[in-house]
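Residues per chain, in single letters:
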Amino acid sequence: MQRLAFLIWPILSGIIAAVALLIYLPDMFTPQTNTVQIHEADNRSGTAQGPYSYADAVDQAASSVVNIYTRTVIPNNNAPLYNDPNIQKHYNKNSNKERIQSSLGSGVILSPEGYIATNNHVISGADSIVVALKDGREATAKVVGNDPDTDLAVLKIDLPDLPSITISSSANLRVGDVALAIGNPFGVGQTVTMGIISATGRNQLGLNTYEDFIQTDAAINPGNSGGALINAAGNLIGINTAIFSRSGGSQGIGFAIPSDQAKQVMQDLIEHGRVVRGWVGVEAQEITPELAESFGLKDTKGLIIAGIFRDGPAHTAGLLPGDILLEIGGKKIINSYNSMYSVARLPPGTVLPVKVWRNGEVLQLEITVAERPSATEVSTEPENSDGQN
């Protein structure tokens with residue numbers, strides 16, 4: 001035993017050290033693994049984010065959505081030969097008469113005074129327009145004004161106790177919000193479809209001059225044009241206007257004009273008889289990588305001034321052809337369309353600061369925005385060029 005006594009203390013010391021390591025440093029004895037963080041949802045919360053029924057929202061808005069019926073007289077376009085009495089003896093006498101073409105659409109009562117917003121393409125060229133309310137009343141409508149650049153029109157009817165929709169700002173929309181479309185698809189009567197906001201700010205679709213569409217997958221079909229797109233509270237967020245379709249029916253991609261834009265166009269048409277838009281009088285094109293390199297620019301975020309309207313706002317401010325616009329109103333250029341649209345939304349008289357690249361130098365200029373002239377006024381100006389901003 002005496003021979004083994006000298007081994008006892010080292011063994012006990014080792015055991016005590018091992019126990020201490022197991023207690024205070026357990027990770028030293030566990031196998032190394034890769035850690036993956038997974039965030040799991042709490043099933044006890046968030047199970048009822050929205051209402052189980054949107055009937056209250058529909059009840060609030062549906063009475064303000066109207067059916068629109070138009071009649072257009074199509075003149076006889078037969079060749080003069082068919083007007084000869086001898087020729088007419090051998091043909092149906094009615095073949096030379098005018099034809100009546102009917103179409104349908106939808107609209108939204110925006111004020112109790114009887115102002116109705118709809119699409120311009122719904123009433124364009126119509127000789128008579130009849131508006132049918134959900135409560136069964138009908139009235140002949142007159143056109144207050146129209147704006148082909150946004151495909152909006154304003155009608156007026158004279159009936160007592162008209163319901164009007166509540167408008168919600170479209171600036172607050174988020175992708176994923178619930179959206180309900182109300183209209184008269186295929187003439188079957190007022191119909192409600194549901195979906196979500198699929199995207200906002202859709203443009204350059206080639207539908208209108210000024211595009212800022214709400215995209216939704218709520219079913220929109222022929223006859224829905226001019227109808228209401230509402231949110232889950234029953235407030236107007238857009239005017240249904242177009243669909244993307246290969247078959248003519250809904251394929252889950254519909255477009256609506258934002259309520260903010262519709263409201264502004266309606267107010268302008270009522271107050272001025274036209275839509276008042278800002279204008280600076282330039283023709284601009286986007287910069288390609290080749291142009292950026294030749295001008296010594298670091299990127300293609302800018303617009304090159306290809307032409308300037310003589311005595312227009314840009315000309316008066318000192319802009320020259322060949323200048324490159326880098327910023328408008330303190331915001332960097334994204335593309336030509338966004339720049340044109342942002343200028344168009346400015347009221348005439350607004351002083352607009354711009355940053356310009358000229359001959360290797362950055363200049364700060366100020367343009368006083370004017371009202372965009374009509375197409376007739378633009379075309380009669382000899383120094384004008386196409387694509388004015």
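For the structure, check the block above.
Okay, so let's go over this structure. Since we're looking at a predicted model, the values are computed, not measured.

### Quick look at the pairing of strand E17 (residues 324-328)
- The element E17 is extensively covered by neighbouring structure, given that five of its five residues are classed as buried.
- The pairing of strand E16 (residues 303-308) with E17 spans two bridges and is classified as antiparallel. In the strand pairing of E17, leucine 303 is matched with leucine 325.
- With four bridges joining them, E17 and strand E19 (residues 351-358) adopt antiparallel strand pairing. Note that in E19 the partner of isoleucine 328 across the bridge is valine 354.
- Adjacent in sequence and paired antiparallel, E17 and strand E18 (residues 331-332) are bridged by two residues, among which glycine 329 carries a positive phi angle near 65 degrees.

### Regarding empty space enclosed by the protein
- Following the criterion strictly, the structure yields two cavities of 30 Å³ or more and no others.
- One number sums up the size of the largest cavity: a volume of about 100 Å³.
- Lining the largest cavity we find 14 residues, and of these Val280, Val282, Leu325, Ile328 and Val343 sit closest to its centre.
- Mapped by element, the contributors of at least two residues to the lining of the largest cavity are strand E15 (282-286), E17, helix H8 (336-344) and E19.
- The element contributing the most residues to the lining of the largest cavity is H8, with three residues.
- A breakdown of the residues in the lining of the largest cavity according to their chemical character gives 12 nonpolar, two polar and no charged.

### What to know about the nonpolar core
- The biggest cluster of nonpolar side chains holds 26 residues, and the ones touching the most others in it are Val108, Leu110, Ile165, Ala228, Ile230, Leu236 and Ile239.
- Elements supplying a minimum of two residues to this core: helix H2 (55-62), strand E7 (152-156), strand E8 (178-183), strand E11 (228-230), strand E12 (236-243), strand E13 (254-258) and helix H5 (259-272).
- Those residues in contact with alanine 228, other than ones at most four positions away along the chain, are Val65, Val108, Ile165, Leu180, Ala181, Ile182, Leu236, Gly238 and Asn240.
- Ranked by size, the runner-up nonpolar core spans 19 residues in total, among them Leu319, Val343, Leu352 and Val354.

### Points about the packing of aromatic side chains
- Summed over all chains, the structure comprises three aromatic pairs.
- A centroid spacing of 6.3 Å and a plane angle of 45 degrees characterise the contact between tyrosine 210 and tyrosine 341, whose relative ring orientation is tilted. In this pair, tyrosine 210 sits in the loop between strand E9 (191-202) and strand E10 (213-216) while tyrosine 341 sits in helix H8, placing the two residues 131 residues apart along the sequence.
- By relative accessible area, tyrosine 341 is classed as buried at 11%.
- Relative to phenylalanine 255, the ring of phenylalanine 213 lies with its centre 5.8 Å away and its plane at 45 degrees, an arrangement referred to as tilted. Of this pair, phenylalanine 213 sits in strand E10 while phenylalanine 255 sits in strand E13, placing them 42 residues apart in sequence.
- Over the ring of tyrosine 115 we find lysine 156; its NZ or CZ atom is 5.5 Å from the centre of that ring.

What counts, and where the lines are drawn
Residues numbered from 1 in each chain as written. Predicted model: local features only at pLDDT ≥ 70, side-chain atom pairs only at ≥ 80, totals over all residues. Heavy atoms only, no water. Buried < 20%, exposed > 50% of the residue type's maximum accessible area, 1.4 Å probe, protein only. Helix = DSSP H or I, 4+ residues; strand = E, 2+ residues; numbered from the N terminus. Pairing = 2+ DSSP bridges. 1 Å grid on protein atoms, 1.4 Å probe; cavity = no way out; pocket = protein on both sides within 12 Å on 5 of 7 lines; lining within 4 Å. Points joined across faces, edges and corners; volume = space filled by probe spheres on them. Nonpolar A, V, L, I, M, F, W, Y, C, P; charged D, E, K, R; others polar. Core = buried A, V, L, I, M, F, W, Y, C linked by side-chain atoms within 4.5 Å. Contact = heavy atoms within 4.5 Å. Phe/Tyr/Trp six-rings, centres within 6.5 Å; stacked < 30°, edge-to-face > 60°. Lys NZ or Arg CZ within 6 Å of the ring centre and 35° of its normal.

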